[in-house]
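# Per-entry structural report
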Amino acid sequence: MKICAITMVYRDYWALAQWVRHHSALVGLENLYIVAHGKDEKIDQIAQGANVITVPRDTLEGFDLVRGRLLNGLQASLSQVFEWVIRTDADELIVYDPERYSCLSDILTGHENAAVFALGCDLYQLESGYELAFAGHYSKAFAVTDDTRLFLHGVRVRKGLVAKYPYQMPPGLYLLHLKYADLSQTAISNQHRENIANQDGHGLPGVAWKDTKKETEKVYNQLLTKESTDFRNAESVAYDKLGSNPIRDAEKRAVRCRRLQFDYKTQPPVWFPNLES
């Protein structure tokens, strides 16, 4: 099965290095496509052997809208030569349970002509190690077979298809979010986000980027309130709520996962990816 993966990045070097290392093992280094938001030799070095596409960074107005259109266009083009196109942010890794699947193709086979969603989870670094929490916000559509557009963490389809579009979230498939997986790197990326969000202009990233220290404290305080449980129980609770019955928004022509949070945290299983410093 021919599969490629795409992402877009600006200065998020640590996360990009994890993304390249992890996804090259899944689909092959030559099948990675990285959109660099502005010329950056360090990105070229990290992505050596992959395909780097550089786009101008002369304005950030309408950032999310422009970014979405750009990546949807690239995704649609690549779907002409690949059976599946994976798309995530640079700080997101697609992970599968090796007790359920032997490779990514095992999961995607049988899901023709539709998007596939993954159960989202946040990885947190603490002094004692790592903790994991499942989250609806990061349970995203991440792979498509055609020119279906990713939108609002789900897909955008014709209005007449919203009610019947197949919602597919295979069990044992995860989208691992790394924003808080290395706090030294979180501080670096947070500074970049604040610099962007506090510029003058329309359509810049939202409130969470304007005061990232406050946002990080809020996230960790929420983590402290969660009850510890084993991985399988935490996964089962999340999948029971998110694995079916998505939001079907006819007005926005969107099908997406419900943005639920859960009262449990857990230890990541031993087969989750090891991160490099």
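The notes below deal with the structure included here. The structure presented is a predicted model; accordingly, all values stated were derived computationally and were not measured.

Within the secondary structure, K140 sits in strand β8 (residues 140–144). In this structure the side chain of K140 is engaged in a polar contact, spanning 2.6 Å, whose partner is the side chain of E92. Dropping the residues within four chain positions of it, K140 is found in contact with D89, E92, V116, F117, A118, H153 and L175.

Taken across its eight residues, strand β11 (residues 173–180) has eight buried, putting it largely inside the fold. Where strand β5 (residues 92–96) lies against β11, five bridges are found, and the strand directions are antiparallel. Looking across to β11, one finds that Y96 is bridged to L173. The pairing of strand β6 (residues 116–126) with β11 spans five bridges and is classified as parallel. Following the sheet pairing, L119 is matched in β11 by Y174.

Within the structure shown, the criterion is met by eleven salt bridges. The salt bridge involving E92 is made with K140; its shortest N-O contact spans 2.6 Å. Residue E92 is found in strand β5, and its partner K140 is found in strand β8; the two are separated by 48 residues along the sequence. Taking relative accessible area as the criterion, E92 reaches 1% and is therefore assigned buried. One salt bridge in this structure joins R100 and D97, with 3.4 Å as the shortest N-O distance. Through salt bridges with shared partners, one network takes in D97, E99, R100, R232 and E235.

It is worth spelling out the nonpolar core at this point. With 62 residues, the main nonpolar core has I34, I86, F134, F142 and L176 as its most contacted residues. If we ignore the near neighbours within four places in the chain, the residues touching F142 are V85, I86, R87, T88, I94, V116, F117, A118, L173 and L175. Judged by nonpolar contacts, the second largest core, of eleven residues, contains C4, V55, L78 and F82.

With antiparallel pairing, the four strands of this open sheet are ordered in space as β9-β10-β14-β13. The sheet terminates laterally at β9 (149–151) and β13 (247–249), the two strands that pair on one side only. Neighbouring strand axes in the sheet, compared pairwise and without regard to direction, differ in orientation by 25° on average. Summarising the sheet, strand β10 (residues 154–156) and strand β14 (residues 254–256) pair through two bridges and their orientation is antiparallel. For V155, the partnering residue across the bridge sits in β14 and is V255.

Turning our attention to the packing of aromatic side chains. In the structure shown here, the tally under the stated rule is 13 aromatic pairs. With a centroid separation of 4.7 Å and an interplanar angle of 55°, the aromatic rings of F117 and Y167 are classed as tilted. Of this pair, F117 sits in strand β6 while Y167 sits in the loop between β10 and β11; the two residues are 50 residues apart in sequence, bridging distant segments of the chain. For F117, a relative accessible area of 0% translates into the label buried. Centroid distance F231 to F272: 5.9 Å. Interplanar angle 70°. Geometry classified as edge-to-face. Taken together, the positions of F231 in helix α8 (residues 231–242) and F272 in the segment after β15 (264–265) put the pair 41 residues apart, joining distant regions of the chain. Here F231 matches F272 in class, with each residue buried. Put simply, the rings of F134, Y174, F231, W271 and F272 pair up and form one aromatic cluster.

Reading the values: the criteria
- Each chain has its residues counted from 1, following the order in which its sequence is written.
- Reporting of local features is limited, given that this is a predicted model, to residues whose pLDDT is at least 70; pairs of side-chain atoms are given and counted only at 80 or more, and all residues count toward the totals for whole chains, interfaces and linings.
- Each side-chain value is worked out from all heavy atoms of the structure, with water and hydrogens disregarded.
- Each helix is a run of H or I in the DSSP string that is no shorter than four residues. Each strand is a run of E no shorter than two, and both are numbered from the N terminus.
- Distance and chemistry together define a polar contact, namely a pair of N or O atoms within 3.5 Å, with one atom able to donate a hydrogen and the other to accept it when in protein, and with adjacent residues in sequence counting only for side-chain atoms on both sides.
- Here, residues are in contact when the closest pair of their heavy atoms is within 4.5 Å.
- Burial classification: accessible surface area is computed with a 1.4 Å probe over protein chains only, and a residue below 20% of its type maximum counts as buried, one above 50% as exposed, and the rest as partly exposed.
- Two strands form a pair only when DSSP identifies at least two bridges running between them.
- By definition, a salt bridge exists where a carboxyl oxygen of Asp or Glu is found within 4 Å of a side-chain nitrogen of Lys or Arg.
- Only buried residues count toward a nonpolar core. Its members are Ala, Val, Leu, Ile, Met, Phe, Trp, Tyr and Cys residues joined through side-chain atoms within 4.5 Å.
- For every element, the axis is a line fit to its C-alpha atoms; helices are fit only across the contacting stretch, and the angle between N-to-C directions ranges from 0 to 180 degrees.
- Here a Phe, Tyr or Trp ring, Trp counted by its six-membered ring, pairs with any other such ring whose centre lies within 6.5 Å, and the pair is stacked when the planes are under 30 degrees apart, edge-to-face when over 60, and tilted otherwise.

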